[in-house]
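For reference, the chains in residue letters:
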Amino acid sequence: MLAAMLYLPFAAQAQVIVTGTVSDSTAAVTMPGVNIIIKGTTAGATTDSDGKYAIEVPDANSVLVFSAIGYATREVRVGGRTVLDVSLPVDEKTLTEVVVVGYGTARKAEITSAVSVIDMRTLGNPPAANAGRLLMGQAPGVQVRQTQGRPGAEMEVTVRGVGSLGAGSAPLYVVDGFPVGTAIGQSLNPSDIESITVLKDAASTAIYGARGSNGVVLITTKSPKTGQVSLTFDINTGIQSLPASRSTKMMNGVEFAQFKKESFIDRIRYNENREPDISEIPEAFRYPEQTRYSTNWLKEITNQNALFQNYTMGASVGGAKFRSYLSAGYLNQEGLILKTGLKRYNVRANMEGNVNDFISVGWNIAGANFTERYASTNYRDGLVGRALWADPRYPVYNDDGSFNAYIGGSNGVFGTANPVQELYEMDRHLTQTNLLTNGYVQLSFLKHFKFRTSVSATLVNNERMEFRPSTLAGGGFSQPPPQPATKVEDYFKSNNVAADQLLTYSHRVGDHSVEVLAGYTAQEYTEKSILGTGNTFADDIVRILDAAKTRDVASDEASWSLLAYFGRVNYSYKDKYLFSGSFRREGSSRFGINSKWGSFPAASVGWRVSEESFMPKLSWLTDLKLRASFGVTGNNNIGNYPSLAAMVSSNYVLGNALANGKILGSFANADLGWEQSRQTDVGMDLSLFDNKLTLLAEFYHRTTDNMLLSVQIPAIAGFNNAFSNIGKVENKGLELGLDYRTRVNEINLRGSFNISFNRNKVLAIRGGNDAIWQGGFYDGHSVSRVGRPIGIITGYKVLGIFNTEEEIAAAPTQDGAIPGVYRYLDKDNDGVISYASDDRDMVEIGNPNPDFTWGLTLGGDYKGFDVNILFTGAQNYDLYRNIESTTMNMDGVFNVLQSGVNRWRSNTDRGDGVGPTSNTWKWERESNSRYVHDASHLWVRSVSIGYTLPKVPVFSSIRVFVNADNLFLISDYPGGNPEVNIREGTQPGFDEEAYPLPRTLSVGASIKFQ
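Residues numbered from 1 in each chain as written. Predicted model: local features only at pLDDT ≥ 70, side-chain atom pairs only at ≥ 80, totals over all residues. Heavy atoms only, no water.

As recorded in an unreviewed UniProt entry, the protein chain goes by the name TonB-dependent receptor, listed as coming from Dawidia soli. Its UniProt record gives the protein chain the following Sequence similarities (unreviewed entry) comment, quoted word for word: "Belongs to the TonB-dependent receptor family." (UniProt positions renumbered as here; feature names shortened; annotations may be inferred.)

Another point: the overall build of the protein chain. Helix and strand counts for the protein chain come out as nine helices and 55 strands. The C-alpha radius of gyration of the protein chain comes to 32 Å, within 12% of the 30 Å expected for a compact globule of 1010 residues. Across its three principal axes, the protein chain shows a C-alpha extent of roughly 115 × 70 × 70 Å. When contacts within the protein chain are restricted to residue pairs at least 6 apart in sequence, those whose partners lie at least 24 apart make up 69%. Taken as a whole, the protein chain presents about 42,800 Å² of accessible surface, with 56% of it coming from carbon and sulfur. Averaged over its 93 positive side-chain charges, the protein chain has a centre that lies 5 Å from the centre of its 102 negative ones. (Helix = DSSP H or I, 4+ residues; strand = E, 2+ residues; numbered from the N terminus. Rg over C-alpha atoms; globule rule 2.2 N^0.38 Å. Contact = heavy atoms within 4.5 Å. Areas by Shrake-Rupley, 256 points an atom, 1.4 Å probe, with all protein chains shown as cover. Lys, Arg positive; Asp, Glu negative; His and termini not counted. Charge placed at Lys NZ, Arg CZ, Asp CG, Glu CD.)

Judged by pairing direction, the sheet is mixed, and its three strands sit side by side in the order 51-50-54 without closing on themselves. Either end of the sheet is taken by a strand with one partner, and the two such strands are strand 51 (932–934) and strand 54 (990–991). In terms of strand pairing, strand 50 (residues 878–881) meets strand 54 through two bridges, oriented parallel. Each bridged residue has a counterpart across the sheet, and for arginine 881 the counterpart in strand 54 is aspartate 991. (Pairing = 2+ DSSP bridges.)

What follows deals with the sheet that holds strand 6 (residues 74–77). Hydrogen bonding along the main chain pairs the strands of a sheet, whether they run parallel or antiparallel. Strand order in the open sheet made by the four strands is 3-2-5-6, with antiparallel pairing throughout. The sheet terminates laterally at strand 3 (44–46) and strand 6, the two strands that pair on one side only. Averaged over all pairs of adjacent strands, the angle between their axes in this sheet comes to 20°, without regard to strand direction. Bridging between strand 2 (residues 35–38) and strand 5 (residues 63–67) involves four bridges; their strand directions are antiparallel. What sits directly across from isoleucine 36, in strand 5, is phenylalanine 66. (Axes fitted to C-alpha atoms, helices over the stretch in contact; angles between N-to-C directions.)

Bringing a nonpolar patch on the surface into the picture now. Taken together, the side chains of Phe358, Leu443, Phe445, Leu446, Phe451 and Leu503 present a nonpolar region at the surface, about 550 Å² in accessible area. Secondary-structure assignment places leucine 503 in strand 26 (residues 486–509). (Patch = residues over 30% accessible without salt bridge, like charges linked within 9 Å, V, L, I, M, F, W, Y side chains within 5 Å. Salt bridge = Lys/Arg side-chain N within 4 Å of Asp/Glu carboxyl O.)

This model, assessed by the stated rule, comprises 50 salt bridges. In this structure, arginine 274 and glutamate 280 form a salt bridge, with 2.6 Å as the shortest nitrogen-oxygen distance. Its relative accessible area of 33% is what places glutamate 280 among the partly exposed residues. Here aspartate 830 makes a salt bridge to arginine 840, at a shortest N to O gap of 3.8 Å. Within this pair, whereas aspartate 830 is found in the loop between strand 46 (822–824) and strand 47 (843–846), its partner arginine 840 is found in the loop between strand 46 and strand 47, the two being separated by ten residues in sequence. A relative accessible area of 36% places aspartate 830 in the partly exposed class. The partly exposed category is assigned to arginine 840, whose relative accessible area is 45%. A cluster of three or more residues bridged by salt bridges with shared partners is formed by Arg160, Lys200, Lys625, Arg627, Asp681, Asp685, Glu698 and Glu735. (Buried < 20%, exposed > 50% of the residue type's maximum accessible area, 1.4 Å probe, protein only.)

Phe259, Trp297, Ile301, Ile337, Val420, Leu423 and Val896 are the most contacted members of the largest nonpolar core, which has 30 residues in total. When residues in this core are grouped by element, the largest group, four residues, is from helix 6 (residues 383–389). If we ignore the near neighbours within four places in the chain, the residues touching isoleucine 301 are Leu336, Ile337, Leu338, Leu383, Val384, Ala387, Pro419, Val420 and Leu423. Counting residues in each nonpolar core, the second largest holds 25 residues, with Leu135, Val175, Phe178 and Ile196 among its members. (Core = buried A, V, L, I, M, F, W, Y, C linked by side-chain atoms within 4.5 Å.)

Take glutamine 483: it is sitting in the loop between strand 25 (449–468) and strand 26. Setting aside chain neighbours within four positions, we find glutamine 483 in contact with Ser470, Leu472, Ala473 and Gly474. Here the side chain of glutamine 483 touches proline 480 through a polar contact of 2.7 Å, landing on its backbone oxygen. (Polar contact = N/O pair within 3.5 Å; in protein donor to acceptor, adjacent residues only side chain to side chain.)

Here the focus is the packing of aromatic side chains. Inspection of the entire model under this criterion finds 36 aromatic pairs. With 6.3 Å between their ring centres and 25° between their planes, phenylalanine 264 and phenylalanine 285 make a pair best called stacked. In this pair, phenylalanine 264 is assigned in helix 4 (residues 253–272) and phenylalanine 285 in the loop between helix 4 and helix 5 (297–300), connecting sequence segments 21 residues apart. Phenylalanine 264 sits in the partly exposed class, given a relative accessible area of 22%. Joined through ring pairs, the aromatic side chains of Phe777, Tyr778, Tyr796, Tyr824, Tyr835, Trp921 and Trp923 make up one cluster. In this arrangement the basic side chain of arginine 267 is found over the ring face of phenylalanine 264, its NZ or CZ atom lying 5.9 Å from the centre. Over the ring of tyrosine 835 we find lysine 922; its NZ or CZ atom is 4.7 Å from the centre of that ring. (Phe/Tyr/Trp six-rings, centres within 6.5 Å; stacked < 30°, edge-to-face > 60°. Lys NZ or Arg CZ within 6 Å of the ring centre and 35° of its normal.)

In this model, helix 4 (20 residues) spans 28 Å end to end at C-alpha, consistent with the 28 Å of a helix rising 1.5 Å per residue. Those residues of helix 4 lying buried are Gly253, Phe256, Ala257, Phe259, Lys260, Lys261, Glu262, Ser263, Ile265, Asp266 and Ile268. Sitting at the head of helix 4, asparagine 252 places a side-chain oxygen 3.2 Å from the backbone nitrogen of valine 254. Just past helix 4, the residue asparagine 273 takes up positive phi, approximately 55°. (Expected span 1.5 Å × (residues − 1).)

This next bit is on the side chain of arginine 246. Take arginine 246: it is sitting in the loop between strand 17 (229–241) and helix 4. Here arginine 246 occupies a buried position and makes no salt bridge, while the nearest side chain of opposite charge, aspartate 965, is found at 8.4 Å.

Another point: unusual backbone geometry. Trans peptide bonds make up the majority, and among non-glycine residues the majority have a negative phi. Following proline 481, the chain continues into proline 482 via a peptide bond in cis, with omega recorded as -5°. Relative to the assigned elements, proline 482 resides in the loop between strand 25 and strand 26. One non-glycine residue, aspartate 575, adopts positive backbone phi at about 55°. Structurally, aspartate 575 can be placed in the loop between strand 28 (548–573) and strand 29 (577–588). In this structure, glutamate 993 is a non-glycine residue whose phi angle is positive, near 70°.

On to the pairing of strand 17, then. In this structure, strand 17 lies alongside strand 18 (residues 306–318), joined through twelve bridges in antiparallel fashion. Across the sheet, residue valine 229 finds its bridge partner in strand 18, namely valine 317. Bridging between strand 17 and strand 55 (residues 999–1009) involves eleven bridges; their strand directions are antiparallel. Residue pairing for strand 55: aspartate 234 is matched across the bridge by serine 1006.

Among the secondary structure elements, arginine 428 is positioned in strand 24 (residues 427–445). Here the side chain of arginine 428 touches glutamate 422 through a polar contact of 3.2 Å, side chain to side chain. Leaving out residues up to four positions away in the same chain, arginine 428 has contacts with Glu372, Arg373, Tyr374, Ala375, Ser376, Leu383, Glu422, Met465 and Glu466.

This part is about the confidence of the model for the protein chain. The predicted model of the protein chain averages 88 in pLDDT, with 95% of residues at 70 or higher. Here residues 1–13 scores under 50 on pLDDT; set against residues more than four positions off or in separate chains, the count is zero contacts. For the stretch residues 93–97, pLDDT sits under 50, and the model shows twelve contacts to residues farther than four places along the chain or on other chains. (pLDDT = per-residue confidence, 0-100.)

With that settled, the discussion passes to the environment of proline 482. Given the relative accessible area of 66%, proline 482 is considered exposed. Along the sequence, proline 482 and leucine 472 sit ten residues apart, while their C-alpha atoms lie 6.4 Å from each other.

Below, the discussion takes up the environment of threonine 312. Tracing the sequence through the fold places threonine 312 in strand 18. Residue class for threonine 312 comes out buried when judged on its relative accessible area of 6%. Here threonine 312 is in contact with Asn189, Ser191, Thr232, Phe233, Asp234, Ala328 and Gly329, once residues within four sequence places are set aside. Side chain to side chain, threonine 312 and serine 191 meet in a polar contact 3.5 Å long.

Because side chains alternate across strand 12 (residues 156–159), one face comprises the buried residues Glu156 and Thr158, and the other comprises Val157 and Val159, equally buried. Sheet topology note: the strand 11 (residues 142–145)/strand 12 ladder contains four bridges and is antiparallel. Across the sheet, arginine 145 pairs through a bridge with glutamate 156, a residue of strand 12.

Right, dumping it as structure tokens:
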């Protein structure tokens, strides 16, 4: 007992507290997040935002192991010191091992293709409900647009332009090695992501064959680190609102009543050439100043204090034999539109271990369940559009507090359902359960060989339900209540299973380094759905389909599969001369029997000029690499059965009774084959001043041919269209990226900038002069024509407004034109402006393709404080604001933009020269340049300010922060979101009024126990 008592103070004195700072040996900046482990134990610590650490060691002979991604690991003996400052050198080998490429990893110094790695540390803490948000503004050549503010909505991501006229242009997403498709979905919690790599050129994407032509986004989720045991909590909560500067300004009740009164006066003046009597004005508009109500319907449906909550808990255990990462997340995002929102639950388990020195295993499983209460918000008949054009002279509620169920519908104004009532009383929700899992077994043998077998799967179950009660007015124009109640139930499920077999040989002998990959993959996707509809219910209480008087049901089932064999060789000589070549042979069920298989070769070379003996040893030049690549990729996103003859229902009379029948609906095309893209890329990677400044430059040229399009065929064949391989599109461009990091006294500064120039051109369609027209006479046209970019906005060019009958007589004939309507360009100079189905006088009126897009990230830290700011922008492109064909419709059936006050009224009152007369509608509402606006913009997309608290007992680190997302917009575009793109695909640049984009102000904390 006495001996033990004597030993205790001695043992206590043996414990040593070591403190210090870890810095980058080349950039002279402190390093947050460095792991410090006491060698031979699992005890450790992590540096804070200032690179400082404190760790308790058993004795003076302890050895500390310092490690960080991208740096050489250092072991330092304490040796009796209590202050130990350490600098870590950049380790090229370690740095490059974390760069994920297709079916493997690669050393960054040896990458010879166009690959962008997203630096997750500079993103701040954006309130991201979807992983696509993390890509925004981060990589040259990767355009990310937030086209709407619907909770949980995916971003629109395009890599190096739109490359197809018929098979889609979204990139392939690969999560932990599993190609999940062209959308991420809700199964992935952004907080679980460790790294994102974007493959942009054919040399890097060709190994994915038919799905690689639009780029590939590789997402790697967090994995446990050997020797670490940690528990983390991430909290982010805030408020969303719609800034007044991004709200469309409509006439109020008094202004609209005045507009209607003046419209009646102007018509009588023009048509009858006299002044009207006050009794001729409808009573509702005679005295606008007496208008009782003035309802801002957009404001009424907006939730200006929409709550955003995001919580994630993660636990990591890193043993020598077994390692695991577990996480659970909860997202609750109220919508900016009343009674809409998203609730999501995510769980994840990533596990890996070593059976022995030769066999390793791993298994990842992620589950998600979300419920979204949604509303139909897009287009003019959606809730947002109707909130703009609904009559503002009507109240939301009746005097007794009940909803005013019918808005407008009299005196020439179209009626509509009360938008607020619809949001409260209509039940619309979508529920999805999603499971994503993959597992592998890896065998290392004969020193240089590895064989990896893996299986991946996703299971998705969707349920969508809508019930519109009879108390609501109809969803269209002038359908007063009561209306028959309607019900929709939609069930969907899908299975996506893939298996990969990979054999890798890697060896370095002297100055030679070689890696060979051979692989086989098989994947099958199946989906099933059933849709039930019903209407005319006995009441609004019993809402099951069986209670509907009229019911209908439809079901569908589809699948596709692929097989592929592929290989890749990477070779390096003296880490100076670099080569990579790959080949993939792939078969797909989607193509014709004569064209099932496609071949996708690629090759790239690199030259590290800075390693040459003839290069002068310049103190400011750290590394210079030149590279070039060429490859062939494909696109199979055309649906499942376009090569087959389709059968369609066709009922007929047999024996005086109706009989069910089937007829041929389309021709088969046994030769329907692969859309292919051939891409050449030339690039340069330059590092200066000990890696403080890095510069990337890329030039690329991509040609896509054998595009998969539906073509018209002679009606005598019995069908109108058939799929075929026709057409060719070119994309070429320049990408520049700049990154700078330095330290000024105690301040660490960092900044990155990227800019992308892409030029798109249609080279061929069906013939040299052919074109694809999309859209409508009153809705704006998108035209893809040979020699011009995809989706050029086309319509009449407005030259001005006719002021007198003499001006009309002197101009080319516009049948029915009166003073106050638009004057259009006579393109073909035949003296007549064509109308309706005749497009001879329509010209290019807008280009939806930006001259360039850019992203700028600025950041810094000082002691415990840090700041990150993200700017994004696009320059010189156009949007067609189609909603204005409704909100500037001067015939008085809809509410009108406030600017309509300054419309043309007479030759002596010409207004602002933009708004036409209210005396007619013809020669005003057609697709024309009046609706085209320059959408150039600069977004202050995200601002994050954080503070890491000094060391607190028990806690490894605590960082608190504030964040502003979609903070500030600079643009002359009159709509609320210059990135809106409702029609998507080959019809870019149309604003039909979408779900508004919120500004989000949030606070949060990241807490770590270790």
